Amino acid sequence: MLRLTDFIIDCPDTMKLAAFYSEVVGLPVKQDSNEAWAGIKFGELELAFVQVDDYRAPQWPDTEHPKQFHLDFEVDDIEAEQRRVLALGATLQRDCTDPDGYGFRVYTDPIGHPFCLCRNKGVIWTDQGLIWPKHG
């Protein structure tokens, strides 16, 4: 049996990056977090941050220091969420939304990891989670 338990992001300052993503997702940083390992629980999965000496940020979309992962966040109001993540310290890198506001926008977090805010046409927001449109 195999179960994914953690998604781990290398960084120079675990608590600072955990605090950024805590604000982005609206979940607390785990109380036992420290300068070596910080985490945010998403049910059974933990988004974790591990301290790495000599950290070098990816230079998206450059291929010499390419990204090795990115996070996508589905949003219901891309303009409001953009204002919020920019105020938290993110940097807008590319806007790939259409005139109706559907598509995605690429940002980098305060230490250079790329992430996207996405707004997909046909997604329905419910109290139980997202309902994705059927394809095909």
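Please read all numbers here as calculations on a predicted model, not as lab measurements. (Residues numbered from 1 in each chain as written. Predicted model: local features only at pLDDT ≥ 70, side-chain atom pairs only at ≥ 80, totals over all residues. Heavy atoms only, no water.)

Under the definition given, this model contains six aromatic pairs. With 6.1 Å between their ring centres and 65° between their planes, F20 and F115 make a pair best called edge-to-face. Of this pair, F20 sits in helix α1 (residues 14–25) while F115 is found in strand β7 (residues 114–119), placing the two residues 95 residues apart along the sequence. On the basis of relative accessible area, F115 is assigned to the buried category, the value being 0%. Ring geometry for Y21 against F115: centres 6.0 Å apart, planes inclined by 70°, an arrangement best described as edge-to-face. (Phe/Tyr/Trp six-rings, centres within 6.5 Å; stacked < 30°, edge-to-face > 60°. Helix = DSSP H or I, 4+ residues; strand = E, 2+ residues; numbered from the N terminus. Buried < 20%, exposed > 50% of the residue type's maximum accessible area, 1.4 Å probe, protein only.)

Relative to the assigned elements, D109 resides in the loop between β6 (103–108) and β7. It is K16 that comes nearest to the buried, bridge-free D109 among opposite-charge side chains, at 10.0 Å. The contact partners of D109, leaving out residues within four places of it in the chain, are L17, F20, Y21, G89 and F115. (Lys, Arg positive; Asp, Glu negative; His and termini not counted. Salt bridge = Lys/Arg side-chain N within 4 Å of Asp/Glu carboxyl O. Contact = heavy atoms within 4.5 Å.)

A few words now on the pairing of strand β5 (residues 91–97). Regular strands show a simple pattern: their side chains alternate between the two faces of the sheet. Two elements, β5 and β6, share six bridges in a ladder whose sense is antiparallel. Bridge pairing links D95 to R105 in β6. Taken together, β5 and the strand that follows it, β6, pair antiparallel across an intervening segment of five residues, in which G101 is found at a positive phi of about 90°. (Pairing = 2+ DSSP bridges.)

Mapping F69 onto the fold places it in the loop between β3 (45–51) and β4 (71–74). Residue contacts for F69: discarding those within four places in its chain leaves F7, I9, H113 and P114.

Let us now look at a nonpolar patch on the surface. Residues W125, L130 and W132 make up a contiguous nonpolar surface patch of roughly 320 Å² in combined accessible area. You can call W125 partly exposed: its relative accessible area is 43%. (Patch = residues over 30% accessible without salt bridge, like charges linked within 9 Å, V, L, I, M, F, W, Y side chains within 5 Å. Areas by Shrake-Rupley, 256 points an atom, 1.4 Å probe, with all protein chains shown as cover.)

With that settled, the discussion passes to the sheet that holds β3. With mixed pairing, the three strands of this open sheet are ordered in space as β1-β3-β2. Lying at the two open borders of the sheet, with one neighbouring strand each, are β1 (6–11) and β2 (37–42). Sheet twist, expressed as the mean angle between neighbouring strand axes with direction ignored, is 20°. Alignment of β2 against β3, held across six bridges, turns out to be antiparallel. From the neighbouring strand, G39 faces β3, where its bridge partner is A48. Packing against the sheet, α1 makes contact with β1, β2 and β3, and its axis sits at approximately 15° to β2. (Axes fitted to C-alpha atoms, helices over the stretch in contact; angles between N-to-C directions.)

In a regular helix each residue adds 1.5 Å, so 12 residues correspond to 16 Å; α1 covers 16 Å between its end C-alpha atoms and thus fits that length. Buried within α1 are the following residues: T14, L17, A18, F20, Y21, S22 and V24. Structurally, α1 contributes buried residues whose contacts are with β1, β2, β3, β4, α2 (78–88) and β7. Near the N-terminus of α1, the side chain that reaches the backbone nitrogen of M15, with its oxygen 3.3 Å away, is that of D13. Downstream of α1 by a residue or two, G26 has a phi angle that is positive, lying close to 75°. (Expected span 1.5 Å × (residues − 1). Polar contact = N/O pair within 3.5 Å; in protein donor to acceptor, adjacent residues only side chain to side chain.)

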